[in-house]
Amino acid sequence: MARRELGADLTQQIDRTQQRNPLPSMAFPLSPPTLTVSYGHWEEKICTNAFPTHSQIPTAPPFPIRRREKKMACSYICYALVFFLILLALLGAGFGLHKTLQLRQKLDALKQSTSYEQLIPALEMQLGDQNTEDMKKKEAVAAHLRGAKDIRSLQLQWQSSSFGAFTAGVQYKDGGLVIHQDGLYFVYSEVYFQGEGCNNKYLQHLVYKKTPRYPLDIVLMDSMMTRNCMISDTWSRSSYLGAVFQLMKDDKVHVNVSDVTVVMVDASKTFFGLYKL
C-alpha cells in the first residue's frame, strides 16, 4: 500500500510540475527529459513522457549521388590524356622539322664546298666505269666455225678465223669450243655429205660435250640417215642439228661424223657454232 501511495503521489507531482514548467517543443530531443524527486535523503530520477511522436520525427536526408562526381573525374582524365597526346604529336613534328632543317643546311654547305669543276670529272669517271661494266656484261659470247678436212684425222676439224669464222668469249681448242661462262647456249651444226657408190652404211651426225665433272662424253644431239642413192651412184645428204643447252665453265663442245671422207667442206654447207642467250 505504501508503494502504491508513493507512486500516486509521484505521478501527481510530475503532472503539477509539467503544468507549471511546460517543456519546450523540440523537433528531435537529444535525450528524454528527467525529473528528480527528493524524499528526505533519497532522490530518484524519473523519465517524463516527453518523447516526440512518430509524425514529429524528421526523415533522414537522402544520400548524395556521386555519379556526377565520377563522370566529371573521368572527363578530366580524358581531357588530360588528349592534351598529352596532342602535345606529344607537336613535339614529334617539331623535332622532325628541326632535323630536316639541319640536313638541308648541311647539304647547302656541301654544295658550296664542292665546286662544279670537281664534280664533273667525278661524274664522268663514274659514268665511264658504269659504261665499261655494262659493255662487259653485254659483250657477246658466240662462235661460228667452218668445216676443214684433215685426211690424217678421223675427227672433223674446223676453222675459227677465216671465211666468216670467229670466236668471242669462247676458245677453240683441239677441235672443240671451250666454255668460259656458265649459262644457256644455243648450239647448232650442219654437215653436208656427198659421195659416190652405194652401200648400206648409215651416216651419223653427232654433237657432244666433254666435261671435267664426268669421265665420258655426253651426247647432246644425234642424227642418222641413209645415203639414198637409188637413182644414180652419186648421192648427197644434209643434216642440221640445233638446240639450247645449259653449259658450265670448262665444258668443251664437239661435232663429229661417222665418215669424214664423205663430208663436203664448204663455208655455207658445213659449219658449227653456238651463242650465249
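Going along each chain's sequence as written, the residues are numbered from 1 onward. Local features are withheld for residues below a pLDDT of 70 in this predicted model, meaning they are given only at 70 or higher, and side-chain atom pairs are given and counted only at 80 or more; totals for whole chains, interfaces and linings count all residues. The basis for every side-chain value is the complete set of heavy atoms in the structure, and neither hydrogens nor water enter the calculation.

Draft legend 1. Local environment of the nonpolar core. The biggest cluster of nonpolar side chains holds 30 residues, and the ones touching the most others in it are V187, F193, V207, F272 and L274. Elements represented by at least two residues in this core include exactly strand 3 (142–148), strand 7 (176–179), strand 8 (183–196), strand 9 (203–211), strand 10 (214–225), strand 11 (234–247), strand 12 (252–257) and strand 13 (271–276). Here a residue-residue contact requires only that any non-hydrogen atoms of the pair lie within 4.5 Å. In contact with F272, other than residues within four places in its own chain, are A143, H144, L145, W158, L177, V187, Y188, S189, V253 and V255. We call a set of buried Ala, Val, Leu, Ile, Met, Phe, Trp, Tyr and Cys residues a nonpolar core when their side-chain atoms join them within 4.5 Å. Each residue is assigned to one of three classes by its accessible area relative to the maximum for its type, calculated with a 1.4 Å probe on protein chains only: buried under 20%, partly exposed between the two thresholds, exposed over 50%. In this description a helix means any DSSP run of H or I spanning at least four residues, a strand means any run of E spanning at least two, and both kinds are numbered starting from the N terminus.

Draft legend 2. Highlighting the packing of aromatic side chains. Ring pairs shown here join Phe, Tyr and Trp side chains whose ring centres sit within 6.5 Å, with only the six-membered ring taken for Trp; geometry is labelled stacked below 30 degrees between planes, edge-to-face above 60, and tilted in between. One pass over the structure, following the stated rule, counts four aromatic pairs. Two thresholds decide whether a charge sits over a ring: the Lys NZ or Arg CZ must be within 6 Å of the ring centre and within 35 degrees of the ring normal. Above the plane of the ring of Y192 lies K269, whose end atom (NZ or CZ) is 4.7 Å from the centre.

Draft legend 3. Structural context of the pattern of salt bridges. The salt bridge definition used is simple: a Lys or Arg side-chain nitrogen within 4 Å of an Asp or Glu carboxyl oxygen. All chains considered together, the criterion is met by three salt bridges. Among the salt bridges present, the one from D174 reaches K252, with a minimum N-O distance of 3.5 Å. Linking D174 in the loop between strand 6 (170–173) and strand 7 with K252 in strand 12, this pair joins segments that are 78 residues apart in sequence. Judged by its relative accessible area of 15%, K252 is buried. Of the charged contacts in the structure, one is a salt bridge between D251 and K209, with a shortest N-O distance of 3.6 Å. Within this pair, whereas D251 is found in the loop between strand 11 and strand 12, its partner K209 is found in strand 9, the two being separated by 42 residues in sequence. Each member of the pair D251 and K209 is classed as buried. One salt-bridge network, in which partners are shared between bridges, spans K209, R213 and D251.

Draft legend 4. Structural detail: the sheet that holds strand 12. Taken in spatial order, the five strands of this open sheet run 6-7-12-9-10, and their pairing is antiparallel. Each of the sheet's edge strands pairs with one partner strand only, and the pair in question is strand 6 and strand 10. Strand-to-strand twist of the sheet, defined as the mean angle between neighbouring strand axes without regard to direction, takes the value 25 degrees. Strands are treated as partners if at least two bridges between them are detected by DSSP. In this structure, strand 7 lies alongside strand 12, joined through three bridges in antiparallel fashion. Among the inter-strand pairings, L177 is bridged to a residue of strand 12, identified as V253. For every element, the axis is a line fit to its C-alpha atoms; helices are fit only across the contacting stretch, and the angle between N-to-C directions ranges from 0 to 180 degrees.

Draft legend 5. Just the pairing of strand 10, in detail. In terms of strand pairing, strand 9 meets strand 10 through eight bridges, oriented antiparallel. The residue bridging Q204 from the neighbouring strand is M224, located in strand 10. Counted between consecutive antiparallel strands, the loop separating strand 9 from strand 10 contains two residues.

Draft legend 6. Inspection of the side chain of H254 at higher detail. With respect to the secondary-structure elements, H254 resides in strand 12. Residue classification places H254 among the buried positions, given a relative accessible area of 1%. Among the polar contacts made by the side chain of H254, one reaches the main-chain carbonyl oxygen of G175 at a distance of 3.3 Å. We call two N or O atoms a polar contact when they sit within 3.5 Å, provided that within protein one can donate a hydrogen and the other can accept it, with sequence-adjacent residues counted only if both atoms are side-chain atoms.

Draft legend 7. Representation of the confidence of the model for the protein chain in the model. Per-residue pLDDT for the protein chain averages 77, and the proportion of residues at 70 or more is 64%. Low pLDDT (under 50) marks residues 26–30, which in the prediction has six contacts with non-local residues, meaning those over four places away or in another chain. Per residue, pLDDT captures the predictor's confidence, and it can take any value from 0 to 100.

Draft legend 8. Geometry of the environment of N199. Its place among the elements puts N199 in the loop between strand 8 and strand 9. Separated by 30 residues in the primary sequence, N199 and C229 place their C-alpha atoms 8.6 Å from one another.

Draft legend 9. Focus on the environment of K276. Within the secondary structure, K276 sits in strand 13. The sequence separation of K276 and V187 amounts to 89 residues, and the corresponding C-alpha distance is 9.0 Å. If near-sequence neighbours (up to four positions away) are discounted, K276 is found in contact with V141, Q181, D182, G183, L184 and Y185.

Draft legend 10. Region of interest: the side chain of N256. You can see N256 is positioned in strand 12. Assessed through its relative accessible area of 17%, N256 is described here as buried. At 3.2 Å, the side chain of N256 forms a polar contact with the backbone nitrogen of L156. Residue contacts for N256: discarding those within four places in its chain leaves L154, Q155, L156, Q204, H205, L206 and Y208.

Draft legend 11. Summary view of the environment of Q181. Mapped onto the secondary structure, Q181 falls in the loop between strand 7 and strand 8. Sequence separation between Q181 and K276 is 95 residues; the distance between their C-alpha atoms is 8.9 Å.

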